[in-house]
Amino acid sequence: MAIPQRKTDIGPPKYDQFLPPAIKKNYGKWKYHEVITPGTMVHVGESGDKLWTVRVASPRLLSTATIREHCDIAEKFCDGFFRYTTRNNVEFMVADESKLEPLKKELTDRGFKMGGIGNAISNVVHTQGWVHCHSACTDASGLVKAMMDELMPYFESKPLPNKVRLAVACCVNMCGAVHCSDIAVVAVHTKVPEIKHELFKNMCELPTVIGSCPTRAISPDPANKSVKINAEKCMYCGNCFTVCPPISIKDADRDGVAILVGGKVNSLRSNPKFSKLVIPYISNEPPRWPKAVAAIKHIVDVYAANARKHERVGEWIDRIGWERFFSLTGIDFTFQSIDDFTFMRDTMRTASTFKW
Amino acid sequence: METAELQDKIFAFCEAAKGKKKLKEKDIIKGVSAELSLEADVVKKAMRGMIDVGRLMYSYGGGASSVEIPSEEYLREKGMIP
Amino acid sequence: MKKYSTPLIDELEKGPWPSFVTEMKKAAKTNEMSNDAVGHLEKCYATKVGYWKHGGIVGVLGYGGGVIGRYSELGDEFPGVAHFHTVRINQPSGFYYTSAAMKEICDIWDKYGSGLTNVHGSTGDLVLLGTKTDALENIFAEYSSRGWDLGGSGSALRTPSCCLGPSRCEWSNYDTLDLCYALTQEFQDEIHRPMFSYKFKIKMSGCACDCVASIARADMSIIGTWKGDIRIDQAEVANYAKKGMDINAEIIGMCPTQCMSYDGKEIKINNAECNRCMHCITKMTKALRPGTERGATICIGSKAPIVVGSLLSWVIVPFIKVEEPYTEVKDLIRKIWEWWDDNAKPRERIGEVIEMKGMRSFLEGIGQEPIPQQIKEPRKDPFMFYTEEDMVGFKAKEAEEKKTGKYKF
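About the thresholds
- Residues numbered from 1 in each chain as written.
- Chains lettered and ligands numbered in written order.
- Predicted model: local features only at pLDDT ≥ 70, side-chain atom pairs only at ≥ 80, totals over all residues.
- Heavy atoms only, no water.
- Helix = DSSP H or I, 4+ residues; strand = E, 2+ residues; numbered from the N terminus.
- Buried < 20%, exposed > 50% of the residue type's maximum accessible area, 1.4 Å probe, protein only.
- Contact = heavy atoms within 4.5 Å.
- Lys, Arg positive; Asp, Glu negative; His and termini not counted.
- Charge placed at Lys NZ, Arg CZ, Asp CG, Glu CD.
- Disulfide = S-S within 2.5 Å.
- Salt bridge = Lys/Arg side-chain N within 4 Å of Asp/Glu carboxyl O.
- Polar contact = N/O pair within 3.5 Å; in protein donor to acceptor, adjacent residues only side chain to side chain.
- Buried area = accessible area lost by both parts, 1.4 Å probe.
- Nonpolar A, V, L, I, M, F, W, Y, C, P; charged D, E, K, R; others polar.
- Pairing = 2+ DSSP bridges.
- Axes fitted to C-alpha atoms, helices over the stretch in contact; angles between N-to-C directions.
- Domains from an automatic or database assignment.
- Bend = angle between axes of the 7 residues up to and from the residue.
- Parallel < 35°, antiparallel > 145°, perpendicular 65-115°, else oblique.
- Left-handed = near helix turned anticlockwise from the far one by under 90°.
- Core = buried A, V, L, I, M, F, W, Y, C linked by side-chain atoms within 4.5 Å.

**As for the overall build of chain A**
Okay, so step 1: Of regular secondary structure, chain A possesses 11 helices and 15 strands.
Okay, so step 2: Across the 356 residues in chain A, those meeting the buried criterion constitute 57%.
Okay, so step 3: Across chain A, every contact between residues at least 6 apart in sequence was considered, and the portion connecting residues at least 24 apart equals 63%.
Okay, so step 4: Here chain A contributes 47 positively and 38 negatively charged side chains, and the mean placements of these two sets differ by 3 Å.

Next comes the structure, spelled out in structure tokens:
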């Protein structure tokens with residue numbers, strides 16, 4: 001078949017052609033919604049119309065075969081309409097209540113998992129990892145799979161004080177709001193990069209490389225027509241590697257993950273917050289990262305047992321204090337949790353009103 | 001100035017920077033328009049015309065985008081040369 | 001097709017959560033590239049390092065983005081992933097699809113690529129994972145002729161994205177889907193032809209719940225809000241109480257501004273003191289609704305930690321009407337880019353440039369007055385600039401006071 005004539009600068013198709021009829025009719029005129037189960041909610045329009053939504057888990061990395069399965073289900077129950085969520089779930093919507101149970105039955109029969117709505121753990125926002133990224137120091141998809149297998153009850157049925165948003169970043173570039181999650185896993189390098197000096201001249205721009213370093217650890221190395229790195233200043237961020245491929249920072253034994261907690265993006269009750277570092281290092285343990293998974297599960301369980309209704313992880317910690325968070329969780333407090341980068345003056349305690 | 005002549009000047013500007021500095025669109029537009037006392041938009045349009053036919057190309061490296069003279073490999077891949 | 005032994009990643013096919021390894025293997029059944037991707041990943045798991053090289057120079061003619069070059073260091077061992085480029089397809093607003101459209105997307109991808117996708121990537125694009133350089137022009141022709149364009153990458157406007165807004169949410173304070181579509185169309189050139197110093201992201205949320213995390217990961221965060229009174233349905237308030245909600249503990253007690261009260265019968269709100277955080281509205285969906293004068297707050301600057309720490313977006317314009325044809329928003333975006341372009345060094349996000357050049361320079365550059373809504377607290381140091389104009393202003397005010405005999409601070 002001949003290749004069709006290309007078009008440029010057309011942008012995406014207009015969204016309205018993909019909206020189900022019930023949504024077109026009630027667009028901007030929804031009155032309220034109710035969460036029925038962690039997998040189902042209903043939206044009610046000012047017109048009295050109702051729309052049921054079923055949310056289904058997805059590994060984000062999808063084969064076309066599975067996407068076609070989504071299409072088949074949408075055709076069978078939803079007149080061919082469906083959508084994905086910002087956290088990579090799939091949503092099927094029906095305006096006719098009699099289709100709801102058959103839809104759910106079909107999803108169950110096909111092995112799809114429903115959940116993630118309301119005070120639950122929804123899908124994990126994550127990055128590419130070893131599957132497809134050059135700067136990954138862990139595999140995000142594998143970590144997510146191992147975490148969610150363990151946290152499945154919180155996705156499907158077990159209620160929490162509020163939602164818990166999880167994220168995994170496979171390096172400190174953190175594609176995707178990892179830095180404001182209830183619990184975030186960030187993969188870290190822990191060693192000063194090595195430089196292939198003979199390749200530097202042809203592949204890198206000296207001022208760009210020097211400028212890329214947040215701690216000014218990089219200086220010119222005229223003898224090698226390259227740069228040198230001051231090991232005492234380097235914090236292993238890898239930004240120099242991003243701008244200059246001959247600088248190598250990967251290390252199989254030393255790369256690992258850190259865990260940060262207490263972030264959020266919404267403004268409900270309290271303002272958006274960054275996640276803060278509580279566990280500085282856990283070794284990479286593919287294929288299932290047992291220690292990292294256990295740590296996350298433990299933090300979720302302690303939160304579930306101690307937070308008040310509607311408190312997010314960060315709000316719970318703000319109330320009880322970080323010293324109490326560390327004592328309740330039993331997590332060792334380390335130097336890495338004290339900021340020695342840019343935020344020290346804002347993060348040290350300046351009063352004697354702490355708890356024992 | 002004729003577009004063809006302007007495009008030759010733009011090409012020469014890029015050639016002079018080759019291997020020394022990665023040029024962004026902005027660098028070319030500012031540099032050439034200052035050199036020839038032309039409106040930035042005129043230079044931009046002429047440069048875009050060159051990119052559209054593969055005389056120049058967008059490149060990416062070191063975490064940022066730039067504009068450069070295409071390699072033969074690129075031109076062959078796009079069917080511009082046999 | 002080569003059969004790889006994959007004992008490590010096979011472990012990730014166990015357990016209840018859907019498995020990405022299963023997805024890769026599904027694609028690998030009929031696709032050589034995916035098959036090698038499976039073997040390649042197993043090798044990463046065995047050695048605990050990745051083998052992808054830096055992005056290279058690939059793309060479609062005339063565009064400077066939308067395709068991310070990806071090559072493996074192990075191309076000889078896994079020829080199917082020697083080239084494994086990513087194609088970003090600009091998603092429709094709100095991630096809605098029809099099965100017909102989605103199947104067409106799949107058909108093209110099966111023909112030219114690995115059959116693997118991310119639905120969706122972090123920025124919002126529908127991401128097609130893994131194809132070869134010589135397939136790119138055909139892929140673009142096939143998709144664009146059917147109405148699909150590429151998304152942004154590199155030093156460009158990245159594909160704008162939005163929450164589902166008024167399509168299925170009662171809290172949306174403006175039409176996020178339509179604004180997202182309109183801005184994407186308006187700025188096609190900025191998306192496809194990298195002309196900035198670095199990336200620029202725009203994300204649109206309909207309310208303070210911020211379901212697309214715009215406050216944390218968009219250079220420009222457009223977050224819906226309202227003026228005026230929260231609408232209360234007291235009969236529904238009574239229903240919540242009857243069903244067992246402890247309104248004083250769960251709603252009144254958790255209100256950050258303490259602007260509400262409940263006497264066992266009715267909720268009263270001192271709306272002037274409400275900061276529109278959305279807590280009460282999200283917990284009593286049937287009883288409380290946002291006010292009716294709707295618009296958005298525009299915040300600028302958020303980004304991930306590279307280079308000197310993460311930023312959350314700063315409030316710049318507390319309230320802006322967001323109505324078709326969105327001229328005010330578009331003009332503001334152009335002014336913001338102009339200031340950024342004039343002041344940025346290479347690879348500097350706008351938040352970093354504002355930190356370097358000062359918020360005053362930015363606000364003046366885009367024509368915004370200073371107002372208390374922009375700050376959490378005023379400066380605490382006495383090191384500040386006084387321009388000649390400032391001094392003239394201060395002196396003129398005092399002269400005026402002398403005339404009227406009334407201080408104006």
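**Notes on the state of the cysteines**
All names here are of chain A.
Okay, so step 1: Inspection of the entire model under this criterion finds 1 disulfide over all chains.
Okay, so step 2: Put simply, Cys204 and Cys244 are joined by a disulfide, and their sulfur atoms are 2.0 Å apart. As the torsion about the S-S bond is roughly 75 degrees, the Cys204-Cys244 disulfide counts as right-handed. In this pair, Cys204 sits in the loop between helix H5 (197-203) and helix H6 (206-211) while Cys244 sits in the loop between helix H7 (239-243) and strand E13 (247-248), placing the two residues 40 residues apart along the sequence. Considered together, Cys204 and Cys244 belong to a single accessibility category, that of buried residues.

**Notes on the pattern of salt bridges**
Okay, so step 1: In total, this model carries 55 salt bridges over all chains according to the counting rule given.
Okay, so step 2: One salt bridge connects Glu91 of chain A with Arg168 of chain C, and the closest N-O pair in it is separated by 2.8 Å. Of this pair, Glu91 of chain A sits in strand E6 (residues 90-94) while Arg168 of chain C sits in the loop between strand E6 (161-162) and helix H6 (176-186), on two different chains. Per residue, the accessibility class of Glu91 of chain A equals that of Arg168 of chain C, and both read buried.
Okay, so step 3: The partner of Asp318 of chain A in a salt bridge is Lys273 of chain A, with the nearest N and O atoms 3.0 Å apart. With Asp318 of chain A in helix H9 (residues 313-320) and Lys273 of chain A in the loop between strand E14 (256-261) and strand E15 (276-283), this residue pair connects regions lying 45 residues apart in the sequence.

**Observations regarding the side chain of Asn239 of chain A**
Okay, so step 1: In this structure, Asn239 of chain A sits in helix H7.
Okay, so step 2: A polar contact of 3.4 Å, which involves the side chain of Asn239 of chain A, links it to the side chain of Arg347 of chain C.
Okay, so step 3: Non-local contacts of Asn239 of chain A, meaning those with residues more than four positions away in its chain, are made with Ser212 of chain A together with Ile306, Val307 and Arg347 of chain C.

**Comments concerning the environment of Ile117 of chain A**
All names here are of chain A.
Okay, so step 1: Position of Ile117 relative to the elements: it lies in the loop between helix H3 (100-109) and strand E7 (125-126).
Okay, so step 2: As a C-alpha pair, Ile117 and Gly39 span 78 residues in sequence and 5.9 Å in three-dimensional space.
Okay, so step 3: Those residues in contact with Ile117, other than ones at most four positions away along the chain, are Val35, Thr37, Pro38, Gly39, Thr40, Met41 and Arg55.

**A word on the interface of chain C and chain B**
Okay, so step 1: Between chain C and chain B, the contact holds 24 residues from the first and 22 residues from the second.
Okay, so step 2: When chain C packs against chain B, close to 1800 Å² is buried across both sides, 53% of that on carbon and sulfur atoms.
Okay, so step 3: Joining chain C to chain B, the criterion identifies 3 salt bridges.
Okay, so step 4: In this structure, Glu137 of chain C engages Lys78 of chain B in a salt bridge whose closest nitrogen and oxygen atoms are separated by 2.8 Å.
Okay, so step 5: The tally of links between chain C and chain B comes to 5 residue pairs in polar contact (both at pLDDT 80 or more).
Okay, so step 6: Among the residues forming the side of chain C that touches chain B, the class breakdown is 10 nonpolar, 9 polar and 5 charged.

**Some thoughts on the sheet that holds E6 of chain C**
All names here are of chain C.
Okay, so step 1: The strand order across the open sheet built from 5 strands is E6-E7-E8-E13-E14, with neighbouring strands paired in mixed fashion. The outermost strands of the open sheet, each flanked by one partner alone, are E6 and strand E14 (314-320).
Okay, so step 2: Across the sheet, H6 is in contact with E6, strand E7 (202-205) and strand E8 (220-227); its angle to E7 comes to roughly 165 degrees.

**Details of the domain arrangement of chain A**
Residues and elements named next belong to chain A.
Okay, so step 1: Domain annotation for chain A reports domain 1 (17-109), domain 2 (125-190 + 252-347) and domain 3 (194-248).
Okay, so step 2: Here the C-alpha centroids of domain 1 and domain 2 sit 30 Å apart.
Okay, so step 3: Interface area, domain 1 with domain 2, both sides summed: about 760 Å², of which 51% is carbon and sulfur.
Okay, so step 4: One can count 0 salt bridges joining domain 1 with domain 2.
Okay, so step 5: Across the domain 1-domain 2 interface, the total number found is 4 residue pairs in polar contact (both at pLDDT 80 or more).
Okay, so step 6: Here the side of domain 1 that touches domain 2 is built from residues that sort into 4 nonpolar, 1 polar and 2 charged.

**Observations concerning the sheet that holds strand E5 (residues 81-84) of chain A**
Okay, so step 1: Within the open sheet, the 6 strands sit side by side as E1(A)-E2(A)-E3(A)-E6(A)-E5(A)-E3(C). Their pairing is antiparallel. Either end of the sheet is taken by a strand with one partner, and the two such strands are strand E1 (30-37) of chain A together with strand E3 (96-98) of chain C. Each strand axis lies, on average, 30 degrees off the axis of its neighbour in the sheet, ignoring direction.
Okay, so step 2: Bridging between strand E2 (residues 40-45) of chain A and strand E3 (residues 50-56) of chain A involves 5 bridges; their strand directions are antiparallel. Counted as the bridge partner of His43 of chain A is Leu51 of chain A from E3 of chain A.

**Section: helix H4 (residues 140-156) of chain A**
Okay, so step 1: The largest bend along H4 of chain A reaches roughly 60 degrees and is located at Glu150 of chain A, with the proline Pro153 of chain A sitting one to four residues downstream.
Okay, so step 2: Burial within H4 of chain A is extensive, with 14 of its 17 residues counted as buried.

**Overview of the packing of helix H12 (residues 327-343) of chain C against helix H13 (residues 350-357) of chain C**
All names here are of chain C.
Okay, so step 1: Between H12 and H13, the least distance of the axes is 10 Å, while the angle of their chain directions is 65 degrees. Judged by the inter-axis angle, H12 sits roughly perpendicular to H13. H12 and H13 meet at a crossing whose hand is left-handed. Note on element contacts: H13 touches H12 through Ile350, Val353, Ile354 and Lys357, opposite Ile336, Trp339, Trp340 and Asn343.
Okay, so step 2: A breakdown of the residues in the contact of H12 with H13 according to their chemical character gives 6 nonpolar, 1 polar and 1 charged.

**Regarding the nonpolar core**
Okay, so step 1: Counting 98 residues, the largest nonpolar core has Tyr84 and Phe92 of chain A together with Met102, Phe200, Met220, Ile222 and Phe362 of chain C as the members making the most contacts within it.
Okay, so step 2: In this structure Phe92 of chain A touches Trp52, Thr53, Val54, Val56, His70, Ile73, Ala74, Cys78, Phe82, Leu103 and Leu107 of chain A, once residues within four positions along its chain are discounted.

**Let's talk about the interface of chain A and chain C**
Okay, so step 1: In this assembly, 115 residues from chain A lie in contact with 122 residues from chain C.
Okay, so step 2: Summing the contributions of chain A and of chain C, the shared interface buries around 10400 Å²; its carbon and sulfur component is 61%.
Okay, so step 3: Sorting the residues of chain A by area buried against chain C places Arg6, Trp130 and His132 of chain A first, and these three jointly supply 8% of that buried surface.
Okay, so step 4: The interface formed by chain A and chain C includes 11 salt bridges.
Okay, so step 5: Residue Lys309 of chain A pairs with Glu250 of chain C through a salt bridge whose shortest N-O separation is 3.1 Å.

**Considering unusual backbone geometry**
Okay, so step 1: Put simply, Pro286 of chain A and Pro287 of chain A share a cis peptide bond, and its omega is 10 degrees.
Okay, so step 2: In this structure, Pro287 of chain A sits in the loop between E15 and helix H8 (290-306).
Okay, so step 3: Following Val119 of chain C, the chain continues into His120 of chain C via a peptide bond in cis, with omega recorded as 5 degrees.
Okay, so step 4: By the element assignment, His120 of chain C lies in the loop between strand E4 (113-118) and strand E5 (126-131).
Okay, so step 5: Of note in the backbone geometry, Asp9 of chain A takes a positive phi value of approximately 55 degrees without being a glycine.
Okay, so step 6: Inspection of the secondary structure puts Asp9 of chain A in the segment before helix H1 (21-26).
Okay, so step 7: Backbone geometry at Met174 of chain A places phi at a positive 50 degrees, although glycine is not the residue there.
Okay, so step 8: With respect to the secondary-structure elements, Met174 of chain A resides in the loop between strand E8 (166-169) and strand E9 (183-188).
Okay, so step 9: Exposure remark for Met174 of chain A: the relative accessible area of 9% places this residue in the buried category.

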